[in-house]
Structures are given as structure tokens and as C-alpha cells.
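# Descriptive analysis of the structure
Each chain, written out:
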Amino acid sequence: MTARILPPSPDSIALAADALKRGGLVAMPTETVYGLAADATSDSAVAALYEAKGRPRFNPLIAHVASLEAAAMQAVLSDEALVLAAAFWPGPLTLVLPVSKSCSVCDLARAGLDTIAVRMPAHPVARALLKAFGGPLVAPSANPSGRVSPTTAAHVAADMGEQVEAILDGGPCDLGLESTIVDCTGNGPALLRAGALATDEIEAVYGTLRRPGSDPQTPSSPGQLLRHYAPKAALRLNAAAPAEDEAFLGFGPGDATLNLSESANLREAAANLFAMLRTLDSRHDRIAVAPIPSTGLGEAINDRLRRAAQR
Ligand code: TXA
Ligand code: MG
């Protein structure tokens, strides 16, 4: 099977929804990164998804839903979860919640946990697909497990073209980093994964988040393995300048092989990060990366860079 890249239209969305209903895999754009979607209620579709990604089955998936009502079918929304959902859904925030009695997402998708990760994406193509499909979709990033997440349809075609029935092309992803994951199952919301929604934006609404995941050797979220987002090239972080044999991924004004943002804009840098890592990785064996401030979106950018640099 070689996937077709389809421009979004009512026809291509109907075709993709049909493929999903038959248990197939479809790549869809979201505002964060491209997702590899499958019917969240189908054991066989979800098994095929784990297989296609080479993903360990102990690493649960995010259930994507179209509405708050659909979220409430799958999960128990506490008051704190409702506050966060009201502030940030649809958008790049994933909430980990207790599963509800009416949960239809299969055990395999949840890796057997009694919690479930739920997200309501904002991207119009993802929303249209969820609506046409009419149920929850699991959608991990559409890359082989452990590699750099895709932010264009062409990235997906290069990485997973053989495994998916169709790729809906929504253009380059606006945000370029995965969603921020907040655990609402404990004593106050806890940050599990820094991501495309800056932590300070959440903290402005909710107050300080707990940070159980600050030690990368003991991941608080099953998927937060230290080595992740890994290019083949060796990465050297916080480099003031490249060595002779290194490409330079810059940030801010100055000479660079590629520049995440010449104006030192973190949002622009986030949107460029994965695509530029891919480009440099395809041409160079060693990449030096300029220092990135750790404020705002810089927290998530530095998190991904640290994981990508891990040998
Ligand atoms: O932006 C995103 O979230 C993208 C787009 C496609 O929506 N999806 C994504 O999925 O990044 P994935 O599978 O690459 O990352 C999901 C993360 C994993 O680290 C997983 O361990 C964590 O969510 N997760 C899922 N269920 C969980 C649970 N019940 N408790 C804690 N972590 C969970
Ligand atoms: Mg991923």
C-alpha cells in the first residue's frame, strides 16, 4: 500500500472516515503535529496502529474527540478538568482523566490503565474527520516510535507511507510541537509533558502545576522516555558556535545553517523545530544547536532537544 496524499475536501474526508470504519489507518493534520488515526474502540485497528509505529504496547494512546460531550462519554471530568477544558479546548492540551463507566475506547489503546488521555484538537481537518467518523480516534504522532514527529504531509509519506491508507494534507502544522499533557487524576493538576500550550498559560488559569515528571529517568507518563524524537545525527546543545564538522541550528540573529527564528520568536521556533531537524539530519552527521531560552514554549522546545540529543 502506498498512501495517497489527499487535499482536504468533503470527499477525501468521507473516504478517510470510511477507511477508519473498516479498521484502517489514516494520517490527519492537527494543529500540533500530524497524527496516525485509528478507531479507538477497535482492538484490531489499534493493534495495527501499534504495529505500524513499532510502538511498545505499554505506551497508551490519546483519544481524540470532537466535543466536550464526547470527552465526558470516555472520561470523568472533575471540576479542575472542566476549568482547563473550558479555557483550552479545542486546542493543544491533553488531559489525563479517570475512565468513565461508559468508556468505549478499547483496553489496548489505554494500555490497560484505568486512566485515559483525552484531547479535542482545533485543526479544522481533524475536527471534520472526527465528525464524519462519529466516534473517538486514537492518534499518536505519525512517525515510527522514537523518531522525530511529522509536521507536514510529506514527512508522513516519507516515514509511514506504506502503512497508511490515506494522508489528509492540511499543510504545515501551525504549532509544530505535541500537545501539553496535564494529569487531572491526582491531587491537583500535574504537568506530564511540556508541549505546544506553554505551561505559564495554563498556570495563569489554574495556578502552579505539580511537576512529577522533572526526572527524565523515571517517566511519569509511560511515553516520556529519555531518548525520543531522535534524529540519526549527533546533537550538541547550547552551542555558541558550530565546530568545523557541525551544521548549526540557530536561534536569533546571526549565521546559521538553518535558523529556528531569526527574530528569536519561540512560537516560530517551535513550528520550525521538527522540520529543520529532519532537513539537517538528512544532510549532516553532527548538528550544533544554539541556546534556546527556557521560558514559555522554550520549555517544550528544550525538552524535545534534550531527548533528541540523548545517545
Ligand atoms: O499533539 C499531540 O498530542 C499528538 C497529536 C497527533 O494529537 N499526539 C501525540 O500522541 O503526541 P503520542 O502517542 O505521540 O503521545 C501520547 C503521550 C504518550 O507519551 C503517552 O505515554 C501519554 O500520552 N499517555 C497516553 N495515555 C496516558 C495515560 N493514561 N496516562 C499518562 N500518559 C498517557
Ligand atoms: Mg509521539
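Here the structure is a predicted model, which is why all the values come from computation and not from measurement.

Attention now moves to the pattern of salt bridges. When the charged atoms of two side chains lie near each other, side chains of opposite charge can form a pair. Under the definition given, this model contains 11 salt bridges. Residue Arg304 pairs with Asp303 through a salt bridge whose shortest N-O separation is 2.6 Å. Residue classification places Arg304 among the buried residues on the basis of a relative accessible area of 1%. One continuous salt-bridge network, built from bridges that share partners, spans Glu178, Asp303, Arg304 and Arg307.

Helical geometry note: an α-helix holds 3.6 residues per turn, so side chains three or four residues apart project in the same direction. Residues Ala153, His155, Val156 and Met160 constitute the buried set of helix H6 (residues 153-160). Within H6, the buried residues cover an arc of 155° as seen down the axis, which keeps them to one side. In this structure, H6 carries Ala154 and Ala158 as exposed residues pointing more than 90 degrees from its buried face. The inward-facing, buried residues of H6 abut strand E1 (4-6), strand E2 (26-28), strand E3 (35-39), helix H2 (43-53), strand E8 (166-168) and helix H8 (266-283).

Axis separation between H8 and helix H9 (residues 298-309) bottoms out at 9 Å; the angle between their running directions is 25°. In this view, H8 runs roughly parallel relative to H9, as classed from their interaxial angle. Handedness of the crossing formed by H8 with H9: left-handed. Taking contact as the criterion, the partners of Leu266, Ala269, Ala270, Leu273 and Phe274 in H8 are, on H9, Gly298, Ile301, Arg304 and Leu305.

In space, the 10 strands of this open sheet follow the order E1-E8-E2-E3-E7-E4-E6-E5-E9-E10, with mixed pairing throughout. With one partner strand each, in any of the chains shown, E1 and strand E10 (190-193) form the two edges of the open sheet. As judged from the three bridges shared by E1 and E8, these two strands associate in the parallel manner. Bridge assignment links Ile5 to a residue of E8, and that residue is Ile167. This element, helix H1 (residues 10-21), spans E1, E2, E3, strand E7 (137-138) and E8 of the sheet and lies at about 135° to E8.

Here we come to the pairing of E3. Regular strands have side chains that alternate between both faces of the sheet. For E3, the buried fraction is high: five of the five residues fall into the buried class. Of the pairings in the sheet, the one linking E2 to E3 comprises three bridges and is antiparallel in character. Bridge pairing in E3 links Ala27 to Leu36. Counting the residues between successive antiparallel strands, the hairpin from E2 to E3 contains six residues. Here two bridges tie E3 to E7, and the two strands are oriented antiparallel to one another.

What follows concerns the nonpolar core. If you look at the biggest cluster of nonpolar residues, it comprises 48 residues, and the most contacted ones within it are Leu93 and Leu95. For this core, the secondary structure elements donating two or more residues are E3, H2, helix H4 (79-88), strand E5 (93-98), strand E6 (115-119) and H6. The dominant element in this core, judged by the number of residues it contributes, is H2, at five residues. Apart from the residues lying within four places of it in its own chain, the contact partners of Leu95 are Ala81, Leu84, Ala85, Trp89, Ile116, Ala117, Val118, Val182 and Cys184. Formed by 35 residues, the second largest nonpolar core is a distinct cluster that contains Val33, Tyr229, Ile292 and Ala308.

Rules used throughout
Residues numbered from 1 in each chain as written. Chains lettered and ligands numbered in written order. Predicted model: local features only at pLDDT ≥ 70, side-chain atom pairs only at ≥ 80, totals over all residues. Heavy atoms only, no water. Salt bridge = Lys/Arg side-chain N within 4 Å of Asp/Glu carboxyl O. Buried < 20%, exposed > 50% of the residue type's maximum accessible area, 1.4 Å probe, protein only. Helix = DSSP H or I, 4+ residues; strand = E, 2+ residues; numbered from the N terminus. Arc of directions from axis to C-beta. Contact = heavy atoms within 4.5 Å. Axes fitted to C-alpha atoms, helices over the stretch in contact; angles between N-to-C directions. Parallel < 35°, antiparallel > 145°, perpendicular 65-115°, else oblique. Left-handed = near helix turned anticlockwise from the far one by under 90°. Pairing = 2+ DSSP bridges. Core = buried A, V, L, I, M, F, W, Y, C linked by side-chain atoms within 4.5 Å.

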